[in-house]
Amino acid sequence: MGGAALCALGAPGSPGRLAARAPHAAVAARGREAPVHRMTLILIELSGGNDALNTVIPYEDPRYRQLRPTIGIARERVIPLNGRTGLHPSLVALKPWWDDASLAIVQGVGYPWPNLSHYRSREIWETASASHEYRRDDWLARAFAPSAGQPLLPVRSPWPAQLSLPGQGPPGPGRSRGQGRLSTQGPSPDHGAHGYRFATRFARGAFGVAIRRAMQQLALARHDPTHVPPVIRLALNGFDTHHNQPAQHAALLAQLADGMVALRGALTELGRWKSALIMTHAEFGRRADENADGGTEHGTVAAHFVAGARVRGGFYGVAPQLSQLDGDGHLPVGIDFRSLYATVLQQGWGIEAAPVLGARFDMLPGLLR
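Residues numbered from 1 in each chain as written. Predicted model: local features only at pLDDT ≥ 70, side-chain atom pairs only at ≥ 80, totals over all residues. Heavy atoms only, no water.

**What to know about the packing of helix H6 (residues 206-219) against helix H7 (residues 245-269)**
Turning to step 1, where the next piece is worked out: Where H6 contacts H7, the two axes come as close as 10 Å, and the packing angle between them is 15°. Compared by their axis directions, H6 and H7 come out roughly parallel. Crossing handedness for the pair H6 and H7: right-handed. Across the interface between the two elements, Phe207, Ile211, Met215 and Leu218 of H6 pack against Gln255, Leu256, Gly259, Leu263, Ala266 and Leu267 of H7.
Turning to step 2, where the next piece is worked out: Its residues assigned to classes, the contact of H6 with H7 shows eight nonpolar, two polar and no charged. (Axes fitted to C-alpha atoms, helices over the stretch in contact; angles between N-to-C directions. Helix = DSSP H or I, 4+ residues; strand = E, 2+ residues; numbered from the N terminus. Parallel < 35°, antiparallel > 145°, perpendicular 65-115°, else oblique. Left-handed = near helix turned anticlockwise from the far one by under 90°. Contact = heavy atoms within 4.5 Å. Nonpolar A, V, L, I, M, F, W, Y, C, P; charged D, E, K, R; others polar.)

**Considering the nonpolar core**
Turning to step 1, where the next piece is worked out: Residues Ile44, Met215, Leu234, Ile278 and Phe305 are the most contacted members of the largest nonpolar core, which totals 48 residues.
Turning to step 2, where the next piece is worked out: For this core, the elements supplying multiple residues, two or more each, are strand E2 (40-47), helix H3 (95-99), strand E6 (103-110), H6, strand E7 (231-237), H7, strand E8 (276-281) and strand E9 (302-307).
Turning to step 3, where the next piece is worked out: For this core, the element with the highest residue contribution is H7, accounting for nine residues.
Turning to step 4, where the next piece is worked out: Core analysis: the second largest hydrophobic core is formed by 35 residues, Ala104, Leu140, Met279 and Tyr341 among them. (Core = buried A, V, L, I, M, F, W, Y, C linked by side-chain atoms within 4.5 Å. Buried < 20%, exposed > 50% of the residue type's maximum accessible area, 1.4 Å probe, protein only.)

**As for helix H4 (residues 118-127)**
Turning to step 1, where the next piece is worked out: The buried fraction of H4 is high, at eight of 10 residues.
Turning to step 2, where the next piece is worked out: Buried positions along H4 lie against E2, E6, helix H5 (139-144), E8, E9 and helix H8 (337-349).
Turning to step 3, where the next piece is worked out: Among the residues trailing H4, Ala128 stands out with phi positive, at a value near 55°.

**Things to note about the side chain of His281**
Turning to step 1, where the next piece is worked out: Structurally, His281 can be placed in strand E8.
Turning to step 2, where the next piece is worked out: Judged by its relative accessible area of 10%, His281 is buried.
Turning to step 3, where the next piece is worked out: If sequence neighbours within four positions are ignored, His281 has contacts with Leu43, Ile44, Glu45, Leu46, Trp125 and His304.

**Description of the sheet that holds strand E4 (residues 79-80)**
Turning to step 1, where the next piece is worked out: With antiparallel pairing, three strands are arranged side by side in an open sheet as E3-E5-E4. The sheet is open, and its two borders are formed by strand E3 (56-57) and E4, each paired with just one other strand. (Pairing = 2+ DSSP bridges.)

**Quick notes on H7**
Turning to step 1, where the next piece is worked out: Over its 25 residues, H7 extends 36 Å from the first C-alpha to the last, a length consistent with the 36 Å expected when each residue adds 1.5 Å.
Turning to step 2, where the next piece is worked out: Along H7, the positions that sit buried rather than exposed are Gln245, His249, Leu252, Leu253, Leu256, Ala257, Gly259, Met260, Ala262, Leu263, Ala266 and Leu267.
Turning to step 3, where the next piece is worked out: Structurally, H7 contributes buried residues whose contacts are with E2, H3, H6, E7, E8 and E9.
Turning to step 4, where the next piece is worked out: Just past H7, the residue Gly271 takes up positive phi, approximately 75°. (Expected span 1.5 Å × (residues − 1).)

**Focus: the environment of Val356**
Turning to step 1, where the next piece is worked out: Residue placement: Val356 occurs in helix H9 (residues 353-357).
Turning to step 2, where the next piece is worked out: Sequence-wise, Val356 and Trp139 are 217 residues apart; in three dimensions their C-alpha atoms are separated by 6.6 Å.
Turning to step 3, where the next piece is worked out: Beyond its immediate chain neighbours, meaning those up to four positions away, Val356 contacts Trp139, Arg142, Ala143, Leu345 and Ile351.

This is the structure we're talking about:
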């Protein structure tokens, strides 16, 4: 299953929605001119908790084979990135991205005192809160809300706060209340005066359809950069792989790779590749050891992809140390997920991160150009 949401407008005070505002109001409110060609962040949620160790594989670590004698990816099938780490074979389409330095892999991403509930952990990621905090406001809603004392600046825009597409069910655990399904009435993605015929191939599955329609909506703004949404949310469901993981996970990663390739192709056609940033996220990772059912249980940390023309490719964060699992068999947190958010906010949009995130988090040096 897949879904998409394009975020730029919303009712003031509605949790999780972006307030109606001028582009880069958080920047403009400080007296600086808002850039016309602003960045669009494309968030891809790997819903259910992706198994990072079978996505970005430490194939030279002997502990990997010991912990995963059944579901581990054979060394000869791994797509090597260096002498120690490689990609799942289903991600082979992303190898050229690695080679041209437009793909970064951030390892060991999590947060202190992790919660292994799908609902609660997703809520923590979406609100950028600590595990002991309970907030209802999405971090992006805070980032794009007008500064205190600043009036809302109305903007004419075709972008709804939430655009539900075929293949997307009701809001899942952690979705901010008040975000319902909105009508998708309007110009057909393939026909009509505003239709755009892409040369890019989109997969036929729900995830591919969601990407295609999101890109068709983005095409509507190609003649007016001020209407480009700051955020596009996509979701690929099915990563809660407790049972019979190998085939299911391989199929999901193939969809992810195909979807990312389609995104790059469509963004390039629209002239938006240089102003877009793709980032994956999930509520948590999986345990280092396989279970008796050929799957993996909920874990603490994961590796995530950051891709785009502004990215300096390579490894970031902390590589998994399989010899240093804690008493529950989990990998220690190497980097707080809010460091990724801080990097996007400050280096991507020029928005001061600390007021949005509630504290200062180290940015990832060198990740973005």
